[in-house]
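Chains, contacts and geometry: an overview
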Amino acid sequence: MDQTKPLRVTFISHSDTLGGAAIVTYRLMRALRRQGVDAKMVVYTKLTDDPNVSVIGSRFFRGLRFLAERFQIMMANGFSREKLFKVSTGSTGCRVYSHPWVKEADVVSVGWINQGLVSIKGIRKLHRMGKPIVWTMHDMWCMTGICHHAYECSAYKLDGCGNCQFLGGHSPADLSRRVWLKKKEISEKIPMTFVAVSHWLADRARESVLLRRHQVHVIHNAFPADYYSPDALPADGSDPLAELGAAELRVVMCAARIDDTIKGLPYAIDALNYIFDNYPDIARRMTVIFVGELRDPNALDTLRMPSISLGRVNDPAILRRIYGHSQVVLSTSLYETLGGTLVEGQSMGCLPVTFDRGGQVDVVTHKVNGYVAEYKNIESVAEGIIWACNANIDRMELHRSVVERFSSVSIARQYTDLFLKAIEERRQTR
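Below: a short report on this structure. (Residues numbered from 1 in each chain as written. Predicted model: local features only at pLDDT ≥ 70, side-chain atom pairs only at ≥ 80, totals over all residues. Heavy atoms only, no water.)

Let's talk about the overall build of the chain
Formally: Helix and strand definitions follow DSSP, with helices as H or I runs of at least four residues and strands as E runs of at least two, each counted in order from the N terminus. Based on C-alpha atoms, the radius of gyration is set beside the globule rule, defined as 2.2 Å times the residue count to the power 0.38. The cut-offs for exposure are 20% and 50% of the maximum accessible area for each residue type, with area from a 1.4 Å probe on protein chains only; residues under the lower value are buried, those over the upper are exposed, and the others partly exposed. Residues are treated as being in contact if the distance between any of their heavy atoms lies within 4.5 Å.
The helix and strand tally for the chain stands at 13 helices and 13 strands. For a compact globule of 430 residues, the expected C-alpha radius of gyration is about 22 Å, and the chain comes in at 22 Å, within 12% of that figure. In terms of overall dimensions, the chain has a C-alpha envelope of 65 × 55 × 40 Å along the principal axes. Out of the 430 residues in the chain, the part that is buried amounts to 55%. Pairs at least 24 residues apart make up 67% of the contacts formed inside the chain by residues separated by at least 6 positions.

Section: the packing of helix 7 (residues 265–278) against helix 11 (residues 378–390)
We count it as follows: Helix axes are fitted only over the stretch in contact, all axes being lines through C-alpha atoms; the angle between N-to-C directions runs from 0 to 180 degrees. Should the near helix be turned anticlockwise from the far one by less than a right angle, the crossing is left-handed, and should it be turned clockwise, the crossing is right-handed. The classification used treats Ala, Val, Leu, Ile, Met, Phe, Trp, Tyr, Cys and Pro as nonpolar, Asp, Glu, Lys and Arg as charged, and all other residues, Gly among them, as polar.
Where helix 7 contacts helix 11, the two axes come as close as 8 Å, and the packing angle between them is 65°. Crossing of helix 7 over helix 11 shows right-handed handedness. Counting all contacts with helix 7, which are made through Y267, D270, A271, L272, Y274 and I275, the residues of helix 11 involved are I378, E379, V381, A382, I385 and I386. A breakdown of the residues in the contact of helix 7 with helix 11 according to their chemical character gives 10 nonpolar, no polar and two charged.

Considerations on the sheet that holds strand 8 (residues 249–257)
Worth spelling out the cut-off: Two strands pair if DSSP finds at least two bridges between them.
Across the sheet, six strands lie side by side as 10-9-8-11-12-13; this open sheet has parallel pairing. Both outer strands of the open sheet, strand 10 (307–309) and strand 13 (371–373), are each paired with one neighbouring strand and no more. Neighbour-to-neighbour, the strand axes of the sheet open up by a mean angle of 20°, direction not taken into account. Those strands touched by helix 9 (residues 316–324) are strand 8, strand 9 (286–293) and strand 11 (328–331), and its axis lies near 145° from that of strand 8. Its contacts with the sheet put helix 11 on strand 8, strand 9, strand 11, strand 12 (351–355) and strand 13, and the angle it makes with strand 12 is roughly 170°.

Concerning helix 11
So the rule is basically this: Take the number of residues in a helix, subtract one, and multiply by 1.5 Å to get its expected span. The term polar contact refers here to a pair of N or O atoms within 3.5 Å; inside protein, the definition further demands a hydrogen-donor-capable atom paired with an acceptor-capable atom, and it admits residues adjacent in sequence only when both atoms are side-chain atoms.
The end-to-end C-alpha separation of helix 11 is 18 Å, in line with the 18 Å expected for 13 residues at 1.5 Å each. Among the residues of helix 11, those classed as buried are S380, V381, A382, G384, I385, I386, A388 and C389. Its side-chain oxygen placed 3.0 Å from the backbone nitrogen of E379, N377 serves as the N-cap of helix 11.

Comments concerning a positive patch on the surface
For the record, the criterion: Residues enter patches when they are more than 30% accessible in relative terms and free of salt bridges; like-charged ones are connected within 9 Å and nonpolar ones (Val, Leu, Ile, Met, Phe, Trp, Tyr) within 5 Å. Each accessible area is a Shrake-Rupley estimate made with a 1.4 Å probe; only the visible protein chains count as cover when residues are assessed. Each reported salt bridge corresponds to a side-chain nitrogen of Lys or Arg within 4 Å of a carboxyl oxygen of Asp or Glu. In summary, the charge assignment counts Lys and Arg as positive and Asp and Glu as negative, without counting His or the chain termini. Positions of charges follow a simple convention, taking NZ of Lys, CZ of Arg, CG of Asp or CD of Glu.
A contiguous patch of positive charge, built from R95, K103, K121, K125, R128, R178 and K182, is present on the exposed surface. Listing elements by their share of the positive patch, those giving two or more residues are helix 4 (120–128) and helix 5 (175–189). Examining the composition of the positive patch, we find that three residues originate from one element, helix 4, more than from any other.

Brief notes about the layout of surface pockets
Empty space among the atoms becomes visible once a probe the size of a water molecule is rolled across them. Selection rule: In the cavity and pocket records, a cavity denotes points on a 1 Å grid over the protein atoms alone where a 1.4 Å probe fits but cannot get out, a pocket denotes an open set with protein on both sides within 12 Å along at least 5 of 7 lines, and lining residues are residues with an atom within 4 Å of a point. Grid points are joined across faces, edges and corners, and a volume is the space filled by probe spheres set on the points.
For the second largest pocket, the calculated volume is near 240 Å³. Forming the boundary of the second largest pocket are 14 residues, of which P191, M192, T193, E425 and R426 lie nearest the centre. Of the residues forming the lining of the second largest pocket, the biggest block, four residues, is contributed by helix 13 (residues 408–429). For the lining of the second largest pocket, the per-class residue count stands at five nonpolar, five polar and four charged.

A word on the pairing of strand 2 (residues 38–45)
To be explicit about the condition: By convention a crossover is right-handed if, when the strands point away from the viewer, the path from the first strand over the helix to the second runs clockwise.
With six of eight residues buried, strand 2 lies mostly within the body of the structure. Of the pairings in the sheet, the one linking strand 1 (residues 8–15) to strand 2 comprises seven bridges and is parallel in character. What sits directly across from V9, in strand 2, is A39. In the classification by handedness, the crossover that spans strand 1, the intervening helix 1 (residues 20–34) and the parallel strand 2 is right-handed. Bridging between strand 2 and strand 3 (residues 53–55) involves three bridges; their strand directions are parallel. Following the sheet pairing, V42 is matched in strand 3 by S54.

Some words on the packing of helix 4 against helix 5
Put simply, the rule is: An angle below 35 degrees is treated as roughly parallel, one above 145 as roughly antiparallel, one from 65 to 115 as roughly perpendicular, and anything else as oblique.
Remark: helix 4 packs on helix 5, axes separated minimally by 10 Å, with the N-to-C direction vectors making an angle of 10°. Judged on the interaxial angle alone, helix 5 and helix 4 are roughly parallel. Seen from helix 4, the contacting residues are I120, I123, R124 and H127; seen from helix 5, they are V179, K182, K183, E185, I186 and K189.

Remarks on the packing of aromatic side chains
Inclusion rule: Here a pair means two rings of Phe, Tyr or Trp (six-membered ring of Trp) with centres within 6.5 Å. Their orientation is stacked below 30 degrees between planes, edge-to-face above 60, and tilted elsewhere. Only when the NZ atom of a Lys or the CZ atom of an Arg is both within 6 Å of the ring centre and within 35 degrees of the ring normal do we say a charge sits over the ring.
Applying the stated criterion across every chain yields a total of 16 aromatic pairs. Geometrically, the ring pair formed by Y415 and F419 is tilted, given 5.6 Å between the ring centres and 45° between the ring planes. With Y415 and F419 both in helix 13 and four residues apart, the pair spans about one turn of that helix. Both residues of the pair, Y415 and F419, count as buried. If you follow R320 out to its NZ or CZ, it ends over the ring of Y227, 4.0 Å from the centre.

Re the pattern of salt bridges
For the structure on display, the rule yields 22 salt bridges. In this structure, D203 engages R206 in a salt bridge whose closest nitrogen and oxygen atoms are separated by 3.7 Å. With D203 and R206 both in helix 6 (residues 199–207), this residue pair falls three residues apart, about one helical turn. What makes D203 partly exposed here is its relative accessible area of 36%. A relative accessible area of 42% means that R206 is categorised as partly exposed.

Thoughts on the environment of L18
With respect to the helices, strands and loops of the structure, L18 is situated in the loop between strand 1 and helix 1. Along the chain, L18 and T48 lie 30 residues apart, while their C-alpha atoms are 9.8 Å from each other. Excluding anything up to four places from it in sequence, L18 contacts T45 and L47.

What follows is the structure in structure tokens.
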């Protein structure tokens, strides 16, 4: 590589800012550019006006590819829409390998590429271009047949997928098995470097048949810690929720979709109701703030605790102030690859309360900077919320702990080192 030219990295991501994986990839791209790397993004859906982000193909043909993959899945699952977006097949994709930014890149960094952006065949074509491929895993799709989260299924660790729970679980040679075999072929023939955003996800990858032979590194998601800081709140101390009623204690729960089954909303409601029934002195001082889409308008009807549902909040300045005026950030997700809302809340001085089933333990050290509750144990979650409400922990100290682990500068440097290593290894294998 010519040392007189900047490192050229092209990220391939479904979007620039639509969804958690897209947001953290966009943050990383910008952090790398600030460090002198010529980083750009090729995406399926563009929402920013950033000139360093380019949309691949036309909207019409992108839509056709998306529909073709969804129809294939519906054919396999009995035309059920219930779990339609729990899986992806990588059967269709755009010609990302023909994009000029991909052609000129020193390394291609692949992220969340499903729903018609890059096919399994497309990965093979990227490899044939001679490009080192660094694949950042934001969920489990790289190591399974078709699912993004395997839940309790362990087939990906054993002889491969089949009898898929998302397809009815009736055939060992179902769509999940066929896709798994295609992934197995490229896994055996194409050298790739994989990045897991948490140690939990890295452990799952190393257990899998598909990825156990590959390098798996752990690099956390880049995070704008300077922005999410208690001392960055408005100097007048204004409370964005004051007009909705004062509360001494606030618990905030955030997700793109609050009532997505993987977010475990019923466990949060049961834990909060447990506090309401058994700790009335705390309950009467508490309000719960829900931030995110609710597709079921009755999802919160059983909650007896005072609550406010704000819907989707797209303005980070408002979100920052919500965290800054809350004491607890709650997540009862059944699985999290890392837990971005926990990092955001912690950076603003909120104490996270969460389950130990995923990358949350990369964010939370039990009873030090948060509370790790027993999995699916509502009394344990309630104990965690009460502990966090009573804890006397310096908000700026919590913020500094996030800076040490998740700052954009640190994460960008780790990726730069990994990209340079991948380029050198690719050169040596030619």
